[in-house]
Amino acid sequence: MLTKLISTALAAGILLSGTPSRSAYDANKDGFTSNKDLRDVLVGITTGSMAGLKSIYENGGEISIRDFNMLFSYLEENPMTGELFMKDIETTDTLPSKYSPGWVSGSPSFPTIKEYGTLTEVTYYSSVCEKDRKARVYLPASYDESKSYPVLYILHGYWGHNNSMAEDAGCQNIIGKMIADGEAEEMIVVFPDIFASKKGQQDSCTGLNLENSLIYDNCVEEITTDLMPYIEENYSALTGRDHTAVCGFSMGGREALAIGLMHPDKFGYIAAFCPAPGLTPGDPNMHPGQLSEDELVFPEEYSPYLLEIFAGDDDQVVWDSPKTYSDIFTRNGVTHKYQMVSSWHGGPAIEVGTYNFAKYIFKAS
């Protein structure tokens with residue numbers, strides 16, 4: 001992409017004399033010249049966008065071929081990291097009203113939302129569960145098989161199903177409206193059933209206990225082994241961690257953190273909304289812990305671009321589990337964002353989390 005930007009600029013003859021100081025590239029004026037600033041400047045140079053060029057002109061600089069060489073070399077030697085990317089993002093504690101998850105007046109119900117995309121149910125074979133499984137897939141209104149799209153997986157909570165986060169919580173509507181408004185990247189969104197029981201086990205959750213919790217944990221391998229290959233084979237999906245994100249609510253939030261930690265090579269963007277206890281050791285009667293506290297780390301080469309935890313300030317279901325996870329990440333030196341939302345267990349926390357996460361995923365590279 002950078003090579004294309006530079007070639008475009010050279011072909012257009014947008015090269016002047018002189019070299020501005022490094023501070024001139026601080027596009028958002030926060031006193032820190034991040035990779036995002038440099039990319040914004042490159043885009044501004046090649047497109048003639050005043051937004052991208054403003055910082056240079058304000059500093060009295062002119063653009064030369066040396067600027068391109070410096071920017072290109074810097075970005076090649078210093079690829080975008082989560083620490084840099086997360087420093088630049090700004091989150092909100094409320095959902096803008098125009099992205100309300102409610103249905104649009106006159107819009108047909110499931111399975112089609114013509115204004116903002118389509119939602120369909122698919123069936124795929126799971127080798128992990130040894131049976132057919134179902135998931136829902138959202139495609140943006142502009143979906144075109146000649147193009148390729150990044151993929152977001154959204155995981156439901158305890159007692160939920162593959163429509164809980166799609167229609168019931170309205171995540172597809174929030175994201176669909178954001179895409180239509182240019183606030184989010186065009187993407188495919190997949191809503192799995194994370195109660196990944198094996199052949200011979202019950203098909204749905206029967207109680208809040210260790211037996212059922214362990215079945216939910218199967219989704220970590222089931223999604224990566226079976227569902228992701230199915231999506232990549234049947235849709236115009238981009239692959240690799242740069243183009244793959246996962247988030248979830250409650251039990252799904254815990255599993256989103258688990259799948260991101262256990263498969264850091266597959267997910268570059270991770271978020272949890274009111275994540276449930278059990279990721280680390282706690283009540284042994286409920287769950288022994290999927291990982292030890294020391295294991296809540298990422299290999300340096302697979303550090304996530306974006307890692308977010310959202311918590312409700314009146315959550316009387318998971319209580320302080322979200323803050324506990326955040327504190328462990330902090331102790332382990334893992335860069336992340338933690339945000340408290342005025343919310344109970346669900347509702348606004350899901351909406352605010354979905355909005356903030358969808359706004360920035362797939363934009364780091």
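None of these values were measured; they are calculated from a predicted model. (Residues numbered from 1 in each chain as written. Predicted model: local features only at pLDDT ≥ 70, side-chain atom pairs only at ≥ 80, totals over all residues. Heavy atoms only, no water.)

Draft legend 1. View of the pattern of salt bridges. Counting across every chain of the model gives 11 salt bridges. Here Asp203 makes a salt bridge to Lys131, at a shortest N to O gap of 3.0 Å. Of this pair, Asp203 sits in the loop between strand E5 (188-192) and helix H8 (210-217) while Lys131 sits in strand E3 (residues 131-140), placing them 72 residues apart in sequence. We classify Asp203 as exposed; its relative accessible area is 61%. Residue Lys131 is classed as buried on the basis of its relative accessible area, which comes to 17%. A salt bridge links Glu183 to Lys359, with the shortest nitrogen-to-oxygen separation between them at 3.6 Å. Pair noted here: Glu183 is in the loop between helix H7 (171-180) and E5 and Lys359 is in helix H12 (residues 348-360), with a separation of 176 residues, a long-range link. A network of salt bridges, in which partner residues are shared, links Arg133, Asp193 and Glu222. (Salt bridge = Lys/Arg side-chain N within 4 Å of Asp/Glu carboxyl O. Helix = DSSP H or I, 4+ residues; strand = E, 2+ residues; numbered from the N terminus. Buried < 20%, exposed > 50% of the residue type's maximum accessible area, 1.4 Å probe, protein only.)

Draft legend 2. Spatial organisation of the nonpolar core. Counting 48 residues, the largest nonpolar core has Tyr153, Ile188, Ile231 and Phe329 as its most contacted members. No other element matches the 7 residues that helix H9 (residues 219-234) contributes to this core. Excluding residues within four positions of it along the chain, Tyr153 makes contact with Val190, Pro192, Ile223, Leu227, Met228, Ile231, Thr244, Ala245, Val246, Cys247 and Phe267. Ile89, Val352, Tyr355 and Ile361 belong to the second-largest nonpolar core, a separate cluster that totals 46 residues. (Core = buried A, V, L, I, M, F, W, Y, C linked by side-chain atoms within 4.5 Å. Contact = heavy atoms within 4.5 Å.)

Draft legend 3. Spatial organisation of the packing of aromatic side chains. In the structure shown here, the tally under the stated rule is 10 aromatic pairs. For the ring pair Tyr269 and Phe362, a centre distance of 5.5 Å and an interplane angle of 70 degrees mean the geometry is edge-to-face. Here Tyr269, found in strand E7 (residues 269-273), pairs with Phe362, found in the segment after H12; they are 93 residues apart in sequence, far enough to count as distant. For Phe362, a relative accessible area of 9% corresponds to the buried category. Consider the rings of Phe273 and Phe310, whose centres lie 5.9 Å apart with planes at 65 degrees: the pair is edge-to-face. Of this pair, Phe273 sits in strand E7 while Phe310 sits in strand E8 (residues 306-312), placing them 37 residues apart in sequence. Residue class for Phe273 comes out buried when judged on its relative accessible area of 0%. Counting every residue linked through ring pairs, the aromatic cluster contains Tyr158, Trp159, Phe195 and Tyr216. A cation sits over an aromatic face here: Arg241 above Tyr305, 5.4 Å from the ring centre. (Phe/Tyr/Trp six-rings, centres within 6.5 Å; stacked < 30°, edge-to-face > 60°. Lys NZ or Arg CZ within 6 Å of the ring centre and 35° of its normal.)

Draft legend 4. Looking closely at unusual backbone geometry. Look at Trp159: it is not a glycine, yet its phi comes out positive at around 75 degrees. Turning to its location among the elements, Trp159 is positioned in the loop between strand E4 (151-155) and helix H6 (164-168). Positive phi values are uncommon outside glycine, yet Ser250 reaches one of about 60 degrees. Among the structural elements, Ser250 can be located in the loop between strand E6 (244-249) and helix H10 (251-262).

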